[in-house]
Amino acid sequence: MMKRPSWDRYFMDLVGIVATRSTCLRRQVGAVLVRDQRMLATGYNGTPKGITHCEKTGCLRQQQNVPSGERHELCRGLHAEQNAIIQAALYGINVAGATLYCNTKPCSICTKMLINADIRRIVYANEYPDKLADDMLRETNIRIVHFKDEE
């Protein structure tokens, strides 16, 4: 008999598919917002709609030697978590109480947005070096789950 994946495995697999749409030259990130085992919205990192992709302009962060986890404003793109929240807002979808699945732990900017969007759980695969995000998350009731492949 085939073993069905857990809900976390299922949605983390979908995150990987969403990330394939990323236009970022440095890191492909996908995010899925879920409530009651139903997908509400997805997002991937990349430039805003109608803006030239970094593959043509070059990566501003690489050009200015900006280290990962610093100076988030020096980027032409939006983060996957931001795009998922924006997509939900654009289509009138309430994300309060939802879980965010993401292949990378949210940065401090995304963390602030997730807190105010009333996200209750964050499931992520890869670490991201942002002490401020970690500090803020410790002050919330958001459950943080570092997803590791199931055995």
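> So, the environment of D130: which residues are in play, and what are the values?
Turning to its location among the elements, D130 is positioned in the loop between β4 (121-126) and α6 (131-138). Note: C-alpha distance between D130 and I109 (21 residues apart in sequence) is 9.9 Å. Those residues within four positions of D130 in sequence are excluded, and the remaining contacts are G69, H72, C107 and S108. Of the polar contacts made by the side chain of D130, one reaches the backbone nitrogen of S108; its length is 2.8 Å.

> Hey, could you go over the pairing of strand β2 (residues 38-44) for me, with residue numbers and the actual values?
Pairing geometry for strand β1 (residues 30-35) and β2, over 6 bridges, is antiparallel. Residue pairing for β2: R35 is matched across the bridge by R38. With antiparallel pairing between neighbouring strands as the criterion, β1 and β2 make up a hairpin whose turn holds 2 residues, including D36 at a positive phi of roughly 55°.

> Break down the environment of K112 for me, with residues and values.
Position of K112 relative to the elements: it lies in helix α5 (residues 108-116). Accessibility expressed as a relative area gives 44% for K112, which makes it partly exposed. On a C-alpha basis, the gap between K112 and L137 in space is 8.9 Å, while along the polypeptide they are 25 residues apart.

> Give a description of α6 that names residues and reports values.
For α6, the set of buried residues is A133, M136 and L137. Looking down the long axis of α6, one finds its buried residues gathered within 100° of arc, a one-sided arrangement. Exposed residues pointing more than 90 degrees away from the buried face of α6 are listed as K131 and R138. Each element contacted by the buried residues of α6 is listed here: α5, β4 and β5 (143-146). Taking the backbone nitrogen of L132 as reference, a side-chain oxygen 3.3 Å away marks D130 as the first, capping residue of α6.

> So, the sheet that holds β5: which residues are in play, and what are the values?
If you trace the 5 strands from one edge of the open sheet to the other, you get β2-β1-β3-β4-β5, paired in mixed fashion. Edge positions in the sheet fall to β2 and β5, since each has one partner strand and no second. Averaged over all pairs of adjacent strands, the angle between their axes in this sheet comes to 20°, without regard to strand direction. The pairing of β4 with β5 spans 4 bridges and is classified as parallel. From the neighbouring strand, Y124 faces β5, where its bridge partner is H146.

> Tell me about a nonpolar patch on the surface, and please be specific about residues and values.
On the surface, a nonpolar cluster with roughly 320 Å² of combined accessible area is contributed by L90, Y91 and I93. Residue position: L90 is located in helix α4 (residues 80-90). When its relative accessible area of 52% is taken as the criterion, L90 is described as exposed.

> Summarise the packing of aromatic side chains; cite the residues concerned and give the values.
Enumeration over the complete set of coordinates arrives at 4 aromatic pairs. Seen from their ring centres, W7 and F11 are 5.8 Å apart, and the 20° between their planes marks the pair as stacked. Highlighted residues: W7 and F11, both in helix α1 (residues 7-19), separated by 4 residues, approximately one helical turn. Judged by its relative accessible area of 42%, W7 falls in the partly exposed class. By relative accessible area, F11 is classed as buried at 2%. An aromatic cluster of three or more residues is present, and its members are W7, Y10, F11 and Y101.

About the cut-offs
Residues numbered from 1 in each chain as written. Predicted model: local features only at pLDDT ≥ 70, side-chain atom pairs only at ≥ 80, totals over all residues. Heavy atoms only, no water. Helix = DSSP H or I, 4+ residues; strand = E, 2+ residues; numbered from the N terminus. Contact = heavy atoms within 4.5 Å. Polar contact = N/O pair within 3.5 Å; in protein donor to acceptor, adjacent residues only side chain to side chain. Pairing = 2+ DSSP bridges. Buried < 20%, exposed > 50% of the residue type's maximum accessible area, 1.4 Å probe, protein only. Arc of directions from axis to C-beta. Axes fitted to C-alpha atoms, helices over the stretch in contact; angles between N-to-C directions. Patch = residues over 30% accessible without salt bridge, like charges linked within 9 Å, V, L, I, M, F, W, Y side chains within 5 Å. Areas by Shrake-Rupley, 256 points an atom, 1.4 Å probe, with all protein chains shown as cover. Salt bridge = Lys/Arg side-chain N within 4 Å of Asp/Glu carboxyl O. Phe/Tyr/Trp six-rings, centres within 6.5 Å; stacked < 30°, edge-to-face > 60°.

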